[in-house]
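Spelled out, the chains give:
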Amino acid sequence: QIESAAYSLIPEKHQGPWHLSIGKKLLSSCNSEEEIEKIIFLITDQLNRGKLSMKEEAEHISLIELNYRAAKKAISSSMFSNASHYLKEGINLLEKKHCESHHRLWISLYVSYAETEYCNGNFKNVRDTVGSIIAHAKSLDDKVPAYKTLCLCVGSVKRKNIDATRIGLDVLGQLGEHFTLKRSFVSGFAELFKTKLLLMGKDVDIIMSKVMDDKQMLAIMDLLETTSIYCPPYFGFILVFRIVQLSISHGVSVNTAYGFAYYSGILCHLGDLCNASKYAKFSLDIMQRMQARQKYCRVYSCLYFGVFLKTNHMHSCLGPVLKARHEGLKAGDTLHATVCAALYCSIAFRCEKKLASVKQVLTHFKREAKVYKQEAMWTPAIPLEQAILNLMGHTDKPNLLDGSAMPSEKIDTLISNAKSDDAERLLCVAYYYQMLVAYIFDDLELAIKMVEEYLDLEYPLEGLVVGTEVVFLYGLTSLAQARKTNEVIWKNRGHESMRKVRKLAKDCPKNYHHKLLLLEAECAFISGRIKKATEKYELAVAMSKKNDFIQDQALSYELASKFYAEQRNEKKASHYYGKAHDLYLEWGATGKADHLRENSPF
């Protein structure tokens, strides 16, 4: 208050010159660039407040450069709003002639401003700034960074992925990399085969022996990575193969780590878990050696979406994914930070012992996605939120994904829009969670319908809980239908699911062994092998507890209860029914617990 009162005593016309004088004295007191860097914000703020008192053009240019330096320092500390402020100050000082006389400075300011405004979620400013860059660019080199930011901006808008893809492909074409956006399994597998041949016999040291330094190739790698984010899976694979191929032929770049992480995910999807794990390690090694900390979030989102969830105990994945989200926010990669946030919630739904805790975290991340204008990336988490609400008892129709999490877009509309947009990732998630609540709340017909819709997709997700859980749920629904109808087709489908879960359990028993035991118990039940079924149900209960999956333990008790009721062992059936009820309550699934109580046969 004293400082404010003293400042108010200075006449307004003298305030500017005072600030200019203070700024100059601070600047002249620094004996090195390092000293300037330490107080760059203070110096720049004072000079900005005194800019109207500057007479010489050289002073203006010097202040523009200081604003750019201050912005870069702010960016390095993840202060993107502050960075945008300094860049805007610098841009406002530019005159028309500076586009010619100081073109590199002009382009640098505008490109950095577009990038920071993207981080801040101010997409209109991004588009306007990119328009200015394109209008005043002297070469394609000037335009490429702007187009990359525009691609990210457009892709962050709901249902605009294809538009973002086309922007990226158009610029890649101008750089000499030509792609046609069409489905082609032949070309996809040809590129996969080519990539495998190039990698044959090469360890990470050989791959790292050459570092890419060609400016145009670096721009191509950057655009390949950015464009692959928004492509339909069938086309994203081809772009990623190209990243890996160029890394081998022209040397590695910071994009190589992402390329190998994505490539690992492709191999995981194809069932080659051994090589998927190998190239996942390559990705982490390359990222560390290239000091590509800015890629941390992108790399980890790929690895924990796929291979690591099939090889590591699910509970151990929560910490790294949360850290990756944090690193993404620090780097300004709000898109992949949002992906990691949604991924974290999906894993936590399987692992956490309290649904309310998952819902609380999910609500926080949803608000964060809205702040960063990444609602499109958050959309796949909407069905999860509604599934949680259904389980907690906050909906009138618990078997349907229809409630407050999707007030303006019911599940049928969401699925219809996803189909028209070719958004298979969203379809996978929507089918899975609708399938889950239908099965949990005994709507077997709807659960089977969702499974079959999922299996009709060209590129069903194999990572996360989605692909693996669908296999498990398909087995449970098929075996339940087999018990109901005694039709062979459902028994065969149950056996096929069990075969797939057996492989998952072999790769990571801590995540899947108890699921396999439960499927084996259900299979033995419908086959009339009572002794074997009894043994497997008891093992499923014990192993799900040992592996720390409370919802699977509750489900094991519930299905075992139905089995014992069928054997007219009412004492054990009633006991296990109560155990299931208590575990669902402990988890926080009050809606499911109430459903059990209301439909109790005892």
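Residues numbered from 1 in each chain as written. Predicted model: local features only at pLDDT ≥ 70, side-chain atom pairs only at ≥ 80, totals over all residues. Heavy atoms only, no water.

Engineer: Before we move on, could you go through the nonpolar core and cite the residues and values that matter?
Structural biologist: Counting 206 residues, the largest nonpolar core has Tyr263, Phe349 and Tyr584 as its most contacted members. When residues of this core are assigned to their parent elements, the largest contribution, 13 residues, is made by helix α26 (residues 424-440). When residues no more than four places from it in sequence are discounted, the contact partners of Tyr263 are Leu192, Thr195, Lys196, Leu199, Val240, Phe241, Val244 and Tyr279. (Core = buried A, V, L, I, M, F, W, Y, C linked by side-chain atoms within 4.5 Å. Buried < 20%, exposed > 50% of the residue type's maximum accessible area, 1.4 Å probe, protein only. Helix = DSSP H or I, 4+ residues; strand = E, 2+ residues; numbered from the N terminus. Contact = heavy atoms within 4.5 Å.)

Engineer: Describe the pattern of salt bridges, with residues and values.
Structural biologist: Counted under the stated rule, the structure contains 37 salt bridges. The partner of Asp128 in a salt bridge is Lys124, with the nearest N and O atoms 2.9 Å apart. Residue Asp128 and its partner Lys124 are located together in helix α9 (residues 123-136), separated by four residues, close to a single helical turn. Residue classification places Asp128 among the partly exposed residues on the basis of a relative accessible area of 42%. Overall, the relative accessible area of 59% leaves Lys124 in the exposed class. (Salt bridge = Lys/Arg side-chain N within 4 Å of Asp/Glu carboxyl O.)

Engineer: Let's hear about helix α27 (residues 444-455): which residues, and what values?
Structural biologist: End to end, α27 covers 17 Å across twelve residues, agreeing with the expected 16 Å (1.5 Å per residue, within 8%). Looking at α27, one finds that the buried residues are Leu444, Leu446, Ala447, Ile448, Met450, Val451 and Tyr454. (Expected span 1.5 Å × (residues − 1).)

Engineer: Mind laying out the environment of Val541, listing which residues take part and the relevant values?
Structural biologist: With respect to the secondary-structure elements, Val541 resides in helix α31 (residues 530-546). With a relative accessible area of 7%, Val541 lands in the buried category. Each C-alpha atom of the pair Val541 and Leu270 lies 31 Å from the other, and the pair is 271 residues apart in sequence. When neighbours within four sequence positions are excluded, Val541 is seen to be in contact with Gln553, Ser556 and Tyr557.

Engineer: With reference to specific residues and values, describe the side chain of His595.
Structural biologist: As for its placement among the helices and strands, His595 is situated in helix α34 (residues 590-598). There is a polar contact of 2.8 Å between the side chain of His595 and the side chain of Asp442. Ignoring anything within four residues of it in the chain, the contact list for His595 reads Ile440, Phe441 and Asp442. (Polar contact = N/O pair within 3.5 Å; in protein donor to acceptor, adjacent residues only side chain to side chain.)

Engineer: Give me the lowdown on the state of the cysteines, citing residues and values where you can.
Structural biologist: Counted according to the given criterion, the structure contains zero disulfides. We note that Cys119 lacks a disulfide partner, and the nearest cysteine sulfur, in Cys153, lies 11 Å from it. (Disulfide = S-S within 2.5 Å.)

Engineer: Can you explain unusual backbone geometry? Please cite residues and give values.
Structural biologist: Phi is positive for Asp442, close to 65 degrees, though the residue is something other than glycine. Looking at the secondary structure, you find Asp442 in the loop between α26 and α27. You can call Asp442 partly exposed: its relative accessible area is 43%. The phi dihedral of Asn486 is positive, around 60 degrees, even though this residue is not glycine. When its relative accessible area of 54% is taken as the criterion, Asn486 is described as exposed.

Engineer: Before we move on, could you go through the packing of helix α32 (residues 550-566) against helix α33 (residues 570-587) and cite the residues and values that matter?
Structural biologist: Following both chains from N to C, one finds α32 and α33 inclined at 160 degrees, their axes separated by 8 Å at the closest point. In terms of axis orientation, α32 runs roughly antiparallel to α33. Judged by the twist between their axes, the crossing of α32 over α33 is left-handed. Note on element contacts: α33 touches α32 through Lys572, Ala573, Tyr576, Tyr577, Lys579, Ala580, Leu583, Tyr584, Glu586 and Trp587, opposite Ile550, Gln551, Gln553, Ala554, Leu555, Tyr557, Glu558, Ala560, Ser561, Tyr564 and Ala565. (Axes fitted to C-alpha atoms, helices over the stretch in contact; angles between N-to-C directions. Parallel < 35°, antiparallel > 145°, perpendicular 65-115°, else oblique. Left-handed = near helix turned anticlockwise from the far one by under 90°.)

Engineer: Which residues make up helix α12 (residues 185-199), and what values go with them?
Structural biologist: Along its 15 residues, α12 runs 21 Å from first to last C-alpha, staying within 8% of the 21 Å computed at 1.5 Å per residue. Taken as a whole, α12 has its buried residues at Gly188, Leu192, Thr195 and Leu199. Looking down the long axis of α12, one finds its buried residues gathered within 65 degrees of arc, a one-sided arrangement. Of the exposed residues in α12, those oriented more than 90 degrees away from the buried face are Val186 and Phe193. Where the residues of α12 are buried, they touch α13 (204-207), α15 (233-250), α16 (254-269) and α17 (273-289). Of the residues one or two after α12, Gly201 is the one with positive phi, at around 80 degrees. (Arc of directions from axis to C-beta.)

Engineer: Mind laying out a nonpolar patch on the surface, listing which residues take part and the relevant values?
Structural biologist: A contiguous nonpolar patch, built from Phe185, Phe189 and Leu270 and spanning about 320 Å² of accessible area, is present on the exposed surface. In this structure, Phe185 sits in helix α12. (Patch = residues over 30% accessible without salt bridge, like charges linked within 9 Å, V, L, I, M, F, W, Y side chains within 5 Å. Areas by Shrake-Rupley, 256 points an atom, 1.4 Å probe, with all protein chains shown as cover.)

Engineer: An account of the environment of Glu452 is needed here, citing residue identities and associated values.
Structural biologist: Along the chain, Glu452 turns up in helix α27. Overall, Glu452 belongs to the partly exposed group, its relative accessible area being 31%. In this structure the C-alpha to C-alpha distance between Glu452 and Ser76, which are 376 residues apart in sequence, comes to 48 Å. Once residues lying within four places of it in the same chain are set aside, the contact partners of Glu452 are Trp490 and Arg493. Within the structure, the side chain of Glu452 is placed 2.7 Å from the side chain of Arg493, a separation counted as a polar contact.

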